[in-house]
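These are the residues of each chain, in order.
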Amino acid sequence: MEKDFSSFPSNGILPKKETGSLSFLSKYPDYDGKGILIAILDTGVDPGASGLKITSDGKPKIIDLIDATGAGDVDISTVRKIENGTLMGLTGRKLKVPTDWKNPSGNFYLGIKALYDLCSKGLRERLKKERKDKEWQPLNDEAVYQIQTKLNEFESTKSSKDSDTPESSKTNDLINNLTKEDLQAQLDLVKDLDSKIKDFGPVYDCIVWNDGETWKACIDTTEKGILENCKILTNYKDSFEYGTFGYTDMLNYSVRILFEEKILQIVTDSSSHGTHVASIATGYCPENPELNGVAPGAQIISIKIGDNRVNGMETSFALVNACRYVAEYKCDLVNYSFGEPVCLANLGPALTAVQDLVEKFGVIFVTSAGNNGPGIETVGAPGGSIPTVVSVAAYVTTDMIKAEHSLLGSGNSMLFSWSSRGPCIDGSWGVSVAAPGGAFAAVPNWSQRGTQLMSGTSMASPNCCGCLALILSGLKLTRVEFNPFGVKRAIENTALLVDEAIGCGAGLIQVEKAFDYLIDYKDSIFQKIYFDIRYVGKPNNMKGIYLKNDDELSQTRDFLIVIEPKFFENTTRSYMVNESANSDTNILKVQKDRISLNRKLVLALEDGDALKSYIDYPEHLYLVNSTRQFHIRIRANELQEGKHYFSYLKAFDLEDPKRTCLFKIPITIIKPIIFNDKKSLNDYEIEYKNVTFKQGQIYRHFIRAPLAATHAELVLKTDQDGSNRDHAPLFFVQTFTLENFRTPTDEAVEEVYRLNLSNEFKLKFKVQSNKIFQVTIAKNWSNIGNCSASYKIRLNGLYCRNGSEFCVMSSQPYRIDIGSYLRTEECEPTVSYKHIVQPLKPHEYQIEKVKPSMGVIKPIYQLILTYNFHQSKSGEVGCEVPFISNFLYENEFQSVFWMIYESNSKKLVLSGDAFPIIYKYTKTIDKGDYIIRLFVRHEKIESLEKIKEISLYLRHSISSVNQDVYSSQVNVMRFSGKKASVEKIQKNTEKSYFLQPIPDDKLPKGATNGQFLSGEISFFKDSSANKVDKYKILYQVNNHGKKAEKHGSKKNDSNESKSKSEEDKLHEALRDTRVSYISKIDTIFESLRNEFPDHIPVYLNRIQFLEKQISSLKKDQSQKKLQYFNEIIELTKTAIEKIDQDGLLKFLGKKHHESDEEKKDFDHQKNWMIDLLVYQGIALIEKQLIEKFGNNDDSEEYKSIELNDDIKSVYKSIQKYFDINDDKVSKFTLKLFLHLRLFGKALKILFKHQEEKLGTKSVDQSILNVLREMHLKHALNYQESHLAMKYQSKFACF
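Criteria and thresholds
Residues numbered from 1 in each chain as written. Predicted model: local features only at pLDDT ≥ 70, side-chain atom pairs only at ≥ 80, totals over all residues. Heavy atoms only, no water. Helix = DSSP H or I, 4+ residues; strand = E, 2+ residues; numbered from the N terminus. Contact = heavy atoms within 4.5 Å. Areas by Shrake-Rupley, 256 points an atom, 1.4 Å probe, with all protein chains shown as cover. Lys, Arg positive; Asp, Glu negative; His and termini not counted. Charge placed at Lys NZ, Arg CZ, Asp CG, Glu CD. Buried < 20%, exposed > 50% of the residue type's maximum accessible area, 1.4 Å probe, protein only. Pairing = 2+ DSSP bridges. Axes fitted to C-alpha atoms, helices over the stretch in contact; angles between N-to-C directions. Left-handed = near helix turned anticlockwise from the far one by under 90°. Nonpolar A, V, L, I, M, F, W, Y, C, P; charged D, E, K, R; others polar. Salt bridge = Lys/Arg side-chain N within 4 Å of Asp/Glu carboxyl O. Phe/Tyr/Trp six-rings, centres within 6.5 Å; stacked < 30°, edge-to-face > 60°. Lys NZ or Arg CZ within 6 Å of the ring centre and 35° of its normal. Core = buried A, V, L, I, M, F, W, Y, C linked by side-chain atoms within 4.5 Å. Polar contact = N/O pair within 3.5 Å; in protein donor to acceptor, adjacent residues only side chain to side chain. Parallel < 35°, antiparallel > 145°, perpendicular 65-115°, else oblique.

### A word on the overall build of the chain
Reasoning step 1: A tally of helices and strands in the chain yields 30 helices and 58 strands.
Reasoning step 2: Over its C-alpha atoms, taken along the principal directions, the chain stretches across nearly 115 × 90 × 75 Å.
Reasoning step 3: Pairs at least 24 residues apart make up 76% of the contacts formed inside the chain by residues separated by at least 6 positions.
Reasoning step 4: For the chain, the accessible surface area stands at approximately 56,900 Å², while carbon and sulfur atoms represent 47% of it.
Reasoning step 5: Across the chain, the 168 positively charged side chains and the 170 negatively charged ones have centroids separated by 2 Å.

Shown next, in the form of structure tokens:
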């Protein structure tokens, strides 16, 4: 029978059926989000994306586009006017302003921005590849071909001439050699040109002006100054207009002109994420309704919090800024598909701003629960930190399985395996409801696709947010007042329980039921109340009962619970359509509600069958507007070991016939498996046999690691041979330690492993002595079918009495005592350092007030710390700020953001945030001097004052440095003997090892006192164990100075020195002081030359004086310049004759010298000879240029000279005494090659200067000029863009 292919599970494309959204819209078609404004706090939204143009009733879909990160900010403080019909842009381009531009003041505010700074990482990589393939490589290949052809022709012609004229002149020989070398240099350079000339992307001039009525902006996307071909924009919120940088990138942008701050904000997105999220929530696609978002009638405001400078990561200060905009626009909803793990149960400034939005501004804040499951305690912030936000888990429906994932078989609906689970570290469950966690939805145009499938709680959150928009739309149109407290209670009381409560919260959101609930309970006083629930005890800030520590589990305990009702104070704004009620009326209404609160509540334990016999609680609570307390007694000591329990105490109003939940007190009890002498567990090993796994099924095991256990191994086997199974099982395994004040996912080990023909999977992971670790084994959600498996968990350990972190001093051997408690282990300690850390102290600080935020979000202050460092060679670097790094949402400081700039150009080379992990933001930087600016924000100046001298740690990557380990202290003291090798450490025994100080010659070059090496130490012979069972070790550098020399090895022939009297030394010192003034005073030269005719510095100082005079002359004073150059030539000739040239040649040919005095004398002569030849050569070139061309200006073009006998003589002399490629003579050789038009050899020198950081802006400009002379247009364009951004008058905006 032929299959019916006409049916397609279309609801799985962008799911709306299971939540009741489709049926709700069918019943209430006008409640499709109309009148609702959603703030999308994400990576930015593309205004050109499909479905994001208009709403279902024709209104603009996006009412504003804002960048809260600062990444798109352009400094427009430079003011210029039109001169000679053009405007000089900051790139150096001449901008042709159209005549129809109105600008009464004539002032244009100019800025500059690189396209790559506005691109997502993916777009930037695509553009680089396309530009290389289409713009660079064809032209570069053609250039290689042309140069190779010239070289071949030259060699052929030269060979023919050599055979005809065997007695060719020496001058021609030199020119021919140089020409051939130049062509070969050109060929070599062009072949490798992409390593020298980097693609920094297009660089645009930005122009802002006021036309008498409106501020306008134009970005020169032509890169040619043809502004009539460029888009003119104003603030997006006023015009709803946007531009596109180009058809290649397809990157759409809008602008915000903040004139008072002299900032042009160019708004783009930092990834596809934000557009996809917005499309799920509110997309409107009338031509393809299946792609409609959940609430197509809603409008959005896009607030970008994903910073381009840190690869789209959110930052604390961006979230605080975003909250201000949300409050200003009076948004109804926020969708925040971001979040990170937290390790402290407190609210930093970012979370406080979110809490204020909800509790004081009445904004419903919807956020993703996280993708760190299936283990417990994996919900992060803000969902797991603020009880009043709506935290959403990710659910997969059967239609999604079919349409989105095209899986084999017919699967069941369930939570995605990776969706985060509660409880949170504060005891709350952290998940409110679940929603479909995947969709095909619109993505930005630059992605070169219309829609894309993405899955995650990031997709579940906007689906839920869209559902809420439908509900709020109906409430507004029916004039029913609402607030975040009541709405959250409604969706939780009406959700469909679909999985474990710690994973899905109340269950899958149900739109129509929640709407009906809000209508039915619109007059209930409880809809205006949020219950602040606290467990009084240690640790503080607990929002539920979470027992896992020994002292909590070993006895019966009473837990004091404090309940406090908090009313929504609707004084800032009203959600009624007719906002006529004044604030006094609202205040009075709230006060009456407070006074009238007198209710009888009933308490009942839900989902607690396994706990009912072990928990006692009061069944009744009389509620008034005050703090109420009661105890819950838990006999945790009677619970079965190796089990975990999740339940909650529910409160409901006795007079409510539906018994809807008013608040919940989460209860989580972890009774781990404990190894002790009473257990019969085999050798610290636990085994589970013939365990049945269904699709998505999860097994969790909690084990308290025995004393001295350091890692464990999981071995998972299927019970069927691979050839006999009906499918290949796919397992999701996750392990981590449950420890207070540590983010579980920091050290989580996750593996998704498919057992195909093999039927065994092994995984080693770190555990902590006497700490509970969790092993979660799940059959992945996508793996349809059942299977049977067996697995065992085996504990291992080599413990160290020194602790888990090591700090080694270089002044003495370091002893470590390693022991085994569990079993005999093979030990082979190894120590390896891969980084050197350079502590930096700030040399400058300033504290300034940031522009005040509105309302309850307090004004803040900013500390700017400046650090300097020198990079001795190219290498990878990263930054850390001790004590305040690695925190985001719980950080006391609003921002900890650093930016590294080149010192000489202020070019930004690297940015980084303190979160998520130390040294995530690293980059290979070139040799040179750099500046680091650290930006820290806080609402209190005194808090910033305390850290104004805080050190910053700069980490450099190095080649691995290994530290020798000995098993005997005697061998360490002897610096010899057998090093530590593999040894067996018997159970319940210890062994001592000794780390030998690292010799100075093995330390990284340039390592100095105060710096330290950072690395890892491991103890096991098994390399797979060492990958997880390792510890941090620091080595304090103590460079002991210059290496000692053998007595008598240094030749001492200082008779001449000894023979000098103090009077002789005084005469020499007076002579040198007088001679040094020749470079400053014209009149003393002749007298001093007569007095010291053979003293070379007399002539060198006179030449320096003449160079200063030449540089001060005007362009038309060529004859005066010629006079000075002639004098320099004569001075150099005279001085060179006074040098012992034969003696110098002999000296240069010797490997060893008879005395230090001889070496010192000839070193002076050598350096003088170099300087004199360079001065003479340059003067000869300048002389010829003036004689041939008059007023010469090298900046315009390199005019050709002849290699006359004088210049050739200088060149030959340099070759005779020195290496012609030496940097010390490059000033002459560079000028010579440029004017002989040997551009390959010249470019080689320039690139060397650039690499060695000897170059400045003039070197970069010379490279640009040479590329122009060589007609390398592709490289010229790249270099022009680079120079336009490299040299800035100010640091890039924060």
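Back to the text.
### What about the pairing of strand 18 (residues 364-368)?
Reasoning step 1: With five of five residues buried, strand 18 lies mostly within the body of the structure.
Reasoning step 2: Residue alternation in strand 18 divides its side chains into two sets, Ile364, Val366 and Ser368 and Phe365 and Thr367, and both sets are buried.
Reasoning step 3: The pairing of strand 17 (residues 333-336) with strand 18 spans four bridges and is parallel. Across the sheet, leucine 333 pairs through a bridge with isoleucine 364, a residue of strand 18.

### Let's talk about the environment of asparagine 1167
Reasoning step 1: Here asparagine 1167 lies in helix 25 (residues 1156-1189).
Reasoning step 2: Here asparagine 1167 falls in the partly exposed class, since its relative accessible area comes to 32%.
Reasoning step 3: Sequence separation of asparagine 1167 and serine 1281 is 114 residues, and the distance between their C-alpha atoms is 39 Å.

### Section: the packing of helix 10 (residues 457-477) against helix 13 (residues 511-520)
Reasoning step 1: Contact pair helix 10 / helix 13: the axes reach a minimum separation of 10 Å and the direction vectors enclose 35°. Judged by the twist between their axes, the crossing of helix 10 over helix 13 is right-handed. Here Cys467, Leu470, Ile471, Gly474 and Leu475 of helix 10 come into contact with helix 13, specifically with Val511, Ala514, Phe515, Leu518 and Ile519.
Reasoning step 2: Each residue belonging to the contact of helix 10 with helix 13 can be placed in one class, and the counts come to nine nonpolar, one polar and no charged.

### A look at the pattern of salt bridges
Reasoning step 1: If you walk through the whole model with that rule in mind, you get 62 salt bridges.
Reasoning step 2: Across the salt bridge formed by aspartate 1094 and lysine 1138, the nearest N and O atoms sit 3.3 Å from each other. Taken together, the residues aspartate 1094 in the loop between helix 21 (1085-1091) and helix 22 (1096-1112) and lysine 1138 in the loop between helix 23 (1118-1137) and helix 24 (1141-1149) connect sequence positions 44 residues apart.
Reasoning step 3: The class of lysine 1138 is partly exposed, set by a relative accessible area of 33%.
Reasoning step 4: One salt-bridge network, in which partners are shared between bridges, spans Asp532, Arg534, Glu564 and Lys566.

### Observations concerning the sheet that holds strand 56 (residues 989-995)
Reasoning step 1: Read across the open sheet, the four strands follow the order 42-44-56-54; overall the sheet is antiparallel. Edge strands, defined here as strands with exactly one partner in the open sheet, are strand 42 (799-800) and strand 54 (965-966).
Reasoning step 2: Sheet topology places strand 54 next to strand 56; two bridges connect them, and they run antiparallel. Bridging across to strand 56, valine 965 finds its partner in leucine 995.

### Focus: the packing of aromatic side chains
Reasoning step 1: All chains considered together, the criterion is met by 44 aromatic pairs.
Reasoning step 2: A ring pair is formed by phenylalanine 675 and tyrosine 684, whose centres lie 5.5 Å apart and whose planes are at 50°; its orientation type is tilted.
Reasoning step 3: The ring of phenylalanine 259 has lysine 262 sitting right over it, with the charged end atom 4.0 Å from the ring centre.

### Thoughts on the pairing of strand 13 (residues 263-267)
Reasoning step 1: Summarising burial for strand 13: five of the five residues are buried, a large majority.
Reasoning step 2: Judged by which residues are buried, strand 13 turns out to be covered on both faces: Ile263, Gln265 and Val267 on one side and Leu264 and Ile266 on the other are all buried.
Reasoning step 3: Relative to strand 13, strand 3 (residues 73-75) runs antiparallel, the two being bridged by three bridges. Bridge pairing in strand 13 places aspartate 73 opposite glutamine 265.
Reasoning step 4: Hairpin geometry of strand 12 (residues 252-258) and strand 13 is characterised by an intervening segment of four residues between the two adjacent antiparallel strands and by a positive phi of about 55° at lysine 262.

### Remarks on the nonpolar core
Note that soluble globular proteins tend to have their nonpolar side chains buried in a common cluster.
Reasoning step 1: If you look at the biggest cluster of nonpolar residues, it comprises 88 residues, and the most contacted ones within it are Ile197, Phe1228 and Leu1232.
Reasoning step 2: In terms of residue count, helix 25 provides more of this core than any other element does, 13 residues in total.
Reasoning step 3: Core analysis: the second largest hydrophobic core is formed by 74 residues, Phe338, Leu351, Phe361 and Leu952 among them.

### With respect to the sheet that holds strand 40 (residues 772-779)
Reasoning step 1: Taken together, the five strands give an open sheet; going across it, the order is 33-35-40-37-38, and neighbouring strands pair in mixed fashion. Across the chains shown, the open sheet's two edge strands, defined by having one partner strand only, are strand 33 (673-674) and strand 38 (749-754).

### As for the side chain of glutamate 359
Reasoning step 1: Within the secondary structure, glutamate 359 sits in helix 8 (residues 349-359).
Reasoning step 2: Put simply, glutamate 359 is tucked away with no salt bridge, and the nearest opposite charge, on lysine 566, sits 5.4 Å away.
Reasoning step 3: At 3.2 Å, the side chain of glutamate 359 forms a polar contact with the side chain of threonine 388.
Reasoning step 4: Excluding its chain neighbours within four sequence positions, the residues that come into contact with glutamate 359 are Thr388, Phe485, Tyr530 and Phe568.

### Description of the side chain of lysine 764
Reasoning step 1: Its place among the elements puts lysine 764 in strand 39 (residues 760-766).
Reasoning step 2: On the basis of relative accessible area, lysine 764 is assigned to the buried category, the value being 18%.
Reasoning step 3: Within polar-contact distance, the side chain of lysine 764 engages the side chain of aspartate 1022 at 3.4 Å.
Reasoning step 4: Residues within four places of lysine 764 in sequence aside, it is in contact with His711, Ala712, Glu713, Val749, Asp1022, Ser1024, Ala1025 and Val1028.

### A short note on helix 6 (residues 273-282)
Reasoning step 1: Most of helix 6 sits out of view: 10 of its 10 residues are buried.
Reasoning step 2: Within the span of helix 6, buried status applies to His273, Gly274, Thr275, His276, Val277, Ala278, Ser279, Ile280, Ala281 and Thr282.
Reasoning step 3: Tucked inside the fold, the buried residues of helix 6 contact strand 1 (37-42), strand 14 (299-304), strand 17, strand 22 (438-442), strand 23 (451-455) and helix 10.

### Some thoughts on the packing of helix 26 (residues 1205-1217) against helix 27 (residues 1226-1235)
Reasoning step 1: Where helix 26 contacts helix 27, the two axes come as close as 12 Å, and the packing angle between them is 135°. In this view, helix 26 runs oblique relative to helix 27, as classed from their interaxial angle. The handedness of the crossing between helix 26 and helix 27 is left-handed. Of the residues in helix 27, those in contact with Ile1207, Val1210, Tyr1211 and Ile1214 of helix 26 are Phe1228, Leu1232 and Phe1233.

### Some details on unusual backbone geometry
Reasoning step 1: A cis geometry characterises the amide bond from glycine 373 onward to proline 374, with omega recorded as 10°.
Reasoning step 2: With respect to the helices and strands, proline 374 occurs in the loop between strand 18 and strand 19 (390-396).
Reasoning step 3: Here the amide bond leading from alanine 381 into proline 382 is cis, since omega sits at 5°, within 30 degrees of zero.
Reasoning step 4: Within the secondary structure, proline 382 is located in the loop between strand 18 and strand 19.
Reasoning step 5: Residue methionine 250 is not a glycine yet carries a positive backbone phi of 55°.
Reasoning step 6: Tracing the backbone shows methionine 250 in the loop between strand 11 (243-244) and strand 12.

### A short note on the environment of isoleucine 266
Reasoning step 1: Following the sequence through the fold, isoleucine 266 ends up in strand 13.
Reasoning step 2: Isoleucine 266 gets classed as buried once you look at its relative accessible area, which sits at 1%.
Reasoning step 3: Along the chain, isoleucine 266 and glutamine 1109 lie 843 residues apart, while their C-alpha atoms are 48 Å from each other.
Reasoning step 4: Those residues in contact with isoleucine 266, other than ones at most four positions away along the chain, are Asp67, Gly72, Val74, Lys113, Leu118, Cys206, Ile219, Phe245, Tyr253 and Ser254.

### Quick notes on the environment of isoleucine 1178
Reasoning step 1: Tracing the chain through its elements places isoleucine 1178 in helix 25.
Reasoning step 2: By relative accessible area, which is 12% here, isoleucine 1178 ends up buried.
Reasoning step 3: Sequence-wise, isoleucine 1178 and asparagine 176 are 1002 residues apart; in three dimensions their C-alpha atoms are separated by 22 Å.
Reasoning step 4: When sequence neighbours within four positions are dropped, the list of residues in contact with isoleucine 1178 reads Lys1227, Phe1228 and Lys1231.

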